[in-house]
Each structure stands twice: as C-alpha cells, then as structure tokens.
Amino acid sequence: NNLTQLPVNAICNLPLLTELDVSENRLTEAPSNLLQLLPRLEILNLESNKLTVPSFDFRDAVLRSLLLGINSLEYLPTLAPLSCLVELSLCTIRVSQKDARKPAREAFD
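Everything in this summary refers to the structure shown in the same document. All of these numbers come straight from a predicted model, not from anything done at the bench.

## Some points on the overall build of the chain
Okay, so step 1: Scanning the chain for helices and strands turns up 3 helices and 4 strands.
Okay, so step 2: A separation threshold of at least 6 residues defines the contact pool for the chain, and within that pool the share at least 24 residues apart is 26%.

## Some details on the environment of leucine 27
Okay, so step 1: Locating leucine 27 in the fold gives a position in the loop between β1 (19-21) and α2 (34-37).
Okay, so step 2: For leucine 27, a relative accessible area of 0% puts it in the buried group.

## Looking at the sheet that holds strand β4 (residues 87-89)
Okay, so step 1: Reading across the sheet, the 4 strands line up as β1-β2-β3-β4 and stay open at both edges, with parallel pairing between neighbours. Both outer strands of the open sheet, β1 and β4, are each paired with one neighbouring strand and no more. Pairs of neighbouring strands in the sheet enclose a mean axial angle of 5°, with direction left out of account.
Okay, so step 2: In terms of strand pairing, strand β3 (residues 65-67) meets β4 through 3 bridges, oriented parallel.

## Digging into unusual backbone geometry
Okay, so step 1: Located in the positive-phi region is glutamate 24, a residue other than glycine, with phi close to 55°.
Okay, so step 2: Within the element layout of this structure, glutamate 24 appears in the loop between β1 and α2.
Okay, so step 3: Its identity is not glycine, yet aspartate 60 carries a phi of approximately 65°, on the positive side.

## Side note on the pattern of salt bridges
Once their charged atoms are close, side chains differing in charge can pair, the charge on each being opposite to the other.
Okay, so step 1: All told, the structure shown has 2 salt bridges when counted by the stated rule.
Okay, so step 2: One salt bridge in this structure joins glutamate 42 and arginine 64, with 3.0 Å as the shortest N-O distance. Remark: arginine 64 occurs in the loop between β2 (43-45) and β3 and glutamate 42 occurs in the loop between α2 and β2; sequence separation between them is 22 residues.
Okay, so step 3: A residue is classified by how much of its surface remains accessible, and glutamate 42, at 29% relative accessible area, is partly exposed.

## Some thoughts on the packing of aromatic side chains
Okay, so step 1: A complete count under the given rule lists 1 aromatic pair for this structure.
Okay, so step 2: Seen from their ring centres, phenylalanine 56 and phenylalanine 58 are 5.7 Å apart, and the 35° between their planes marks the pair as tilted. When sorted by exposure, phenylalanine 56 lands in the same class as phenylalanine 58, which is buried.

## Here's the deal with the environment of threonine 52
Okay, so step 1: Structurally, the position occupied by threonine 52 is in the loop between β2 and β3.
Okay, so step 2: With relative accessibility at 28%, the residue threonine 52 sits in the partly exposed group.
Okay, so step 3: It is 5.3 Å that separates the C-alpha atoms of threonine 52 and serine 72, two residues lying 20 residues apart in sequence.

What counts and what doesn't
Residues numbered from 1 in each chain as written. Predicted model: local features only at pLDDT ≥ 70, side-chain atom pairs only at ≥ 80, totals over all residues. Heavy atoms only, no water. Helix = DSSP H or I, 4+ residues; strand = E, 2+ residues; numbered from the N terminus. Contact = heavy atoms within 4.5 Å. Buried < 20%, exposed > 50% of the residue type's maximum accessible area, 1.4 Å probe, protein only. Pairing = 2+ DSSP bridges. Axes fitted to C-alpha atoms, helices over the stretch in contact; angles between N-to-C directions. Salt bridge = Lys/Arg side-chain N within 4 Å of Asp/Glu carboxyl O. Phe/Tyr/Trp six-rings, centres within 6.5 Å; stacked < 30°, edge-to-face > 60°.

In structure tokens:
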C-alpha cells in the first residue's frame, strides 16, 4: 500500500466501523479526531508506517487494540483515557527525544 494520508472524506462516512487496518503504508500522520469520526472503532492498526507525532484525542474512545509498532514516534501518547484497551503493540518502536529532560529527582528540587 502507498497511502500517505488517511482519506478523511471516506472515513467520516463509516461511523459503524469497528476495525481499521492501515498498516504497511507511508502515513506520516493520522487525523487527531480519527476516533471521534469512528466512535465504534475497537481495533486500530497503524504499524509499519512513518508516523512521528501521534496526536490522537482518546477521550470517549472504545479502542481495545492499538497497534503502533514499527514507527519512529517522537513520543508516546497518553493512553490513560483508553479504559477498554487490552492490546498495545509498540514493537521495534524508536522514540526519539527532542529535548533533554531533567531526571525526575531534579524536577522537584
């Protein structure tokens, strides 16, 4: 596959979709409101893309499976809102750190 972006026009017409597999493409980003466009989405496979900034709004999401492996993410998104999540794939993920951050001990000194 050679998708470089998700076709939002098509996705917004699929509100009952429960599984989306766009793995093995060339996606560099996904719409931040993807999970609002697909409110019943339970499985999201974004493995083997070129994602760098995962800017998802996970509020009210019903995801059970989130596959982000084999991407070069700059950071990991906060997964706390995903109360239904039972599967998370981060295999061979390389998280880069743009800013040098202080160790936790120093942050509170």
